[in-house]
Amino acid sequence: RKNRKATVATLSSRNTAVYTHHHTHSLCSSAVSGGQPRSRTSARRTPGLRRRCHHCAMESACHTTSAALQLHLAAAGDDGRQLTLALNRWRRGVLPGLTAAGAEDALAMASPAASSQQKPDGNDTDGRDPAATASTVPAVLVSILEDGSSTEGQRESSLEILNELLRIALGSPHDAARGHDDNGGRKAAATSTTTAAVRDVLPGLFDRVAETFSRRMARSEAVGGCGAGGRGLRSGSGSGPSEPSEHIRLGLVILATDLCGYMSRCGGPGEKRFLRPASLVCRTLATSALLDPYPDVQRESCALIHALSLLCPTAVRMNATSLLVPFTGRADGGGRGAAARNKCLFRHRHAKTRAKAVSASAAIVLCCPRSSSGGCVADVGDASAAAATVDPEGSAFVSTRGSKSSSIEQVLHDALLPSWESLMTTDSATVQIEVLRAVGRFSSYSDRCVSSDREMPIHAAVETRALSLLLSGLSTGRAAQVRSTALQILRGQRTDAEKRLTGGGGLDFPKERFAAYFKSTLELSIEECSRDRLTFQASVCSLETLQVVLCIAISSIGGGALSLSEGDGEAILQALVMSSQHEDREVLEAAMSTCCVIGGGNQSSIALLSAVPFGELSQELEGVEVPELTPRQKTSLLLIVDGLMKGQLDNTDALSILKGVDEAITLPDCDWFASTSAQRIISSLFCAAHDRVATNATLAWALLDACDSFVKC
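Residues numbered from 1 in each chain as written. Predicted model: local features only at pLDDT ≥ 70, side-chain atom pairs only at ≥ 80, totals over all residues. Heavy atoms only, no water.

(A) A look at the overall build of the protein chain. Each helix and strand counted, the protein chain has 37 helices and four strands in total. On the protein chain, roughly 31500 Å² of surface is accessible, and the fraction owed to carbon and sulfur atoms is 51%. (Helix = DSSP H or I, 4+ residues; strand = E, 2+ residues; numbered from the N terminus. Areas by Shrake-Rupley, 256 points an atom, 1.4 Å probe, with all protein chains shown as cover.)

(B) Broad picture of the packing of helix H5 (residues 80-94) against helix H9 (residues 152-170). Two numbers describe how H5 lies on H9: the axes approach to 10 Å, and their chain directions differ by 30°. The orientation of H5 relative to H9 falls into the category roughly parallel. Where H5 crosses over H9, the handedness of that crossing is left-handed. In contact with Gly-80, Leu-83, Thr-84, Leu-87, Trp-90 and Arg-91 of H5, H9 contributes Gln-154, Ser-157, Ser-158, Glu-160, Ile-161 and Leu-165. The residue makeup of the contact of H5 with H9, split by class, is five nonpolar, five polar and two charged. (Axes fitted to C-alpha atoms, helices over the stretch in contact; angles between N-to-C directions. Parallel < 35°, antiparallel > 145°, perpendicular 65-115°, else oblique. Left-handed = near helix turned anticlockwise from the far one by under 90°. Contact = heavy atoms within 4.5 Å. Nonpolar A, V, L, I, M, F, W, Y, C, P; charged D, E, K, R; others polar.)

(C) A look at the environment of Leu-588. Along the chain, Leu-588 falls in helix H31 (residues 585-599). For the pair Leu-588 and Leu-543, spaced 45 residues apart in the sequence, the C-alpha separation amounts to 9.9 Å.

(D) Spatial organisation of the nonpolar core. Residues Trp-90, Leu-165, Phe-327 and Trp-420 are the most contacted members of the largest nonpolar core, which totals 177 residues. With residues near it in sequence (within four places) discarded, Leu-165 still touches Trp-90, Leu-95, Leu-98, Ala-103, Ala-106, Leu-107, Val-137 and Leu-141. (Core = buried A, V, L, I, M, F, W, Y, C linked by side-chain atoms within 4.5 Å. Buried < 20%, exposed > 50% of the residue type's maximum accessible area, 1.4 Å probe, protein only.)

(E) Molecular detail of the pattern of salt bridges. All chains considered together, the criterion is met by 19 salt bridges. For Arg-208, the salt bridge is made with Glu-146, and the minimal N-O distance between the two is 3.7 Å. Residue Arg-208 is found in helix H11 (residues 196-217), and its partner Glu-146 is found in helix H8 (residues 137-146); the two are separated by 62 residues along the sequence. According to the relative accessible area criterion, Arg-208 is partly exposed, its value standing at 29%. The class for Glu-146 is partly exposed, based on a relative accessible area of 24%. Between Arg-167 and Asp-258 there is a salt bridge whose closest N-O contact spans 2.9 Å. Linking Arg-167 in helix H9 with Asp-258 in helix H12 (residues 246-266), this pair joins segments that are 91 residues apart in sequence. When its relative accessible area of 29% is taken as the criterion, Arg-167 is described as partly exposed. Put simply, Glu-146, Arg-208 and Arg-215 are held in one network by salt bridges that share partners. (Salt bridge = Lys/Arg side-chain N within 4 Å of Asp/Glu carboxyl O.)

(F) Up close: the state of the cysteines. Evaluation of the coordinates by the stated rule reveals zero disulfides. Cysteine Cys-687 remains unbridged, with the sulfur of Cys-707 as its closest cysteine sulfur at 9.9 Å. (Disulfide = S-S within 2.5 Å.)

(G) Representation of the packing of aromatic side chains. Under the counting rule described, the total for this entry stands at seven aromatic pairs. When the centroid spacing of 6.1 Å and the interplanar angle of 80° are considered together, the rings of Trp-672 and Phe-673 count as edge-to-face. Given a relative accessible area of 9%, Phe-673 falls into the buried group. Ring centres of Phe-673 and Phe-710 lie 5.4 Å apart, and the angle between their planes is 70°; this geometry places the pair in the edge-to-face category. Of the two residues, Phe-673 sits in the loop between helix H35 (652-659) and helix H36 (676-690) while Phe-710 sits in helix H37 (residues 697-712), which places them 37 residues apart along the sequence. With relative accessibility at 34%, the residue Phe-710 sits in the partly exposed group. Through a chain of ring-to-ring contacts, the aromatic side chains of Trp-672, Phe-673, Phe-686 and Phe-710 assemble into a single cluster. (Phe/Tyr/Trp six-rings, centres within 6.5 Å; stacked < 30°, edge-to-face > 60°.)

(H) Layout of the packing of H12 against helix H14 (residues 295-311). Two numbers describe how H12 lies on H14: the axes approach to 9 Å, and their chain directions differ by 20°. Taken together, the axis directions place H12 and H14 in an arrangement best described as roughly parallel. Between H12 and H14 lies a crossing whose hand is left-handed. Taking contact as the criterion, the partners of Glu-246, Arg-249, Leu-250, Val-253, Ile-254, Ala-256, Thr-257, Cys-260, Met-263 and Ser-264 in H12 are, on H14, Asp-296, Val-297, Glu-300, Ser-301, Ala-303, Leu-304, Ala-307, Leu-308, Leu-310 and Leu-311. Taken together, the residues of the contact of H12 with H14 sort by class into 13 nonpolar, three polar and four charged.

Below you can see the structure in the form of structure tokens.
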């Protein structure tokens, strides 16, 4: 009681001093301006008067100190009204006129650097009681956030004050990281402008915020959350977040994101120092924040993952499996639970949220290690490189021992690439662009981000699917922004020799990369076209990807070296027959466009015609009777042959694809129709179809169209 009375007396005398100083400051301002005495607000808002008045700096320091004492006493007491008054004083009286230097002093008021400036008798220069100021202002504000008995308004005010203090003292972490000056001419990104006291406070503050984040964001009742088998969370009133206010939950995520940005920018302790709090935040993100019912919280959680990948990539790596479950809905075993499937971020109803989720998932996978042929795991990724720039010894700490982390190739192959492929088939252009950028983040630097051992099956599968995604972005059915993004990423994958030849007449396309993975990419495209689809958009997208692959192969890029084998022709024919029998007209049109593209090349057309079952058309094969084709099968073959002949007559479809890649790409002369084998197969097909035209109208129309193209050829 004696200490409290003494502190209150000190606080009262300080308030009297502040009032006396305000009165003196008003008279000084009146003398300078030559008019009536100015109010406190107008005097504080006039920079010229602050420079002229010697008492202005002392006013700010006294005002901040007394407000800090009042806040600490109110937080230690039981009177909620006094706490509300103290918080309102900070919001309305302190923060509007607080300078960057004053905010740094407020943040580090009881830091080790500030404590060392106290007098030997235990009191500092301005007579403050050490017992009353043992906790820093940020620590008091965080304790109010943790207190479940505080009101929603008090928690929201505490969060607002803490966020504003950090922004006034350190600037915006996002703008400063990009080099912009958003703090009145003061370069907030410069580490030298941040005092050592503030840098010492940030790690401890991040520890407290991480614990508060875990408590307030965690769900009150969770059964088998995303991090435990992927069974999702129990729905109902009992599974809501501990913090009922969505605005406070959003503010907590933003606060954690800003702190990560500040610490990544200011340097200080190595990555090992932040491993525990960062892991705690990652677990909370995986089980609660990414599944929050408020979309803004989900989007800001994606931004927090980006910040964590820069500050402590090891923590993200250790929790990569559980972090990816809210994005993909896939559990550890690869299955999908009903709750996880419904709450999957890649299936969110907002395209903006899906786009943020794609970018965040790419940040997670870049924190994972890469595989090597020797069975070991090597550290790689731009996140680890960014952490190493902050702490040169940080990369030495990065280890997979005890982390149970999967390789970057395994995560991509099992979880992300299938989900990204699904987004490319049915989603908006904004999400498709984010998918292409995510693929480019690891595919453009394959030697650094993905194992360069092409003999490894997992590496070949990942590179094939990544190249297939990029080529699908070049199809004519995409938006112009999507095609330009895909082309820009592909151009970045050229070798140094190809880049040097670009200005001297070389092609602006990664020819070596396409040739290395042409066979596997072609097989993947054919497999996707032959797969049973739930939506026609997926079938159309697969056919358009196959068009791009075949078009580039038969053009001057292939140069005749990228040819189709007999097995390729049979697989393509089977896929086209299945697509031509689809009930949706869009799929049939995409299949006919694919036939036209194939018809623009000699070798591809002969390979496809050679796969036509000639024995079944003539009903005899080396003296053995063969079952006759059905009218539906004959109709499909007539449509395919008709498309091939139209492709020889007019190669507009192929040229439209190639011109989007490079204006210098050309198509070779096409004369496959003049070959004897081609005419024999076509004539046999006409004769076989003629017998059934009287009873099948669809077959009759297909035969009529094919005969028209035959005459024109």
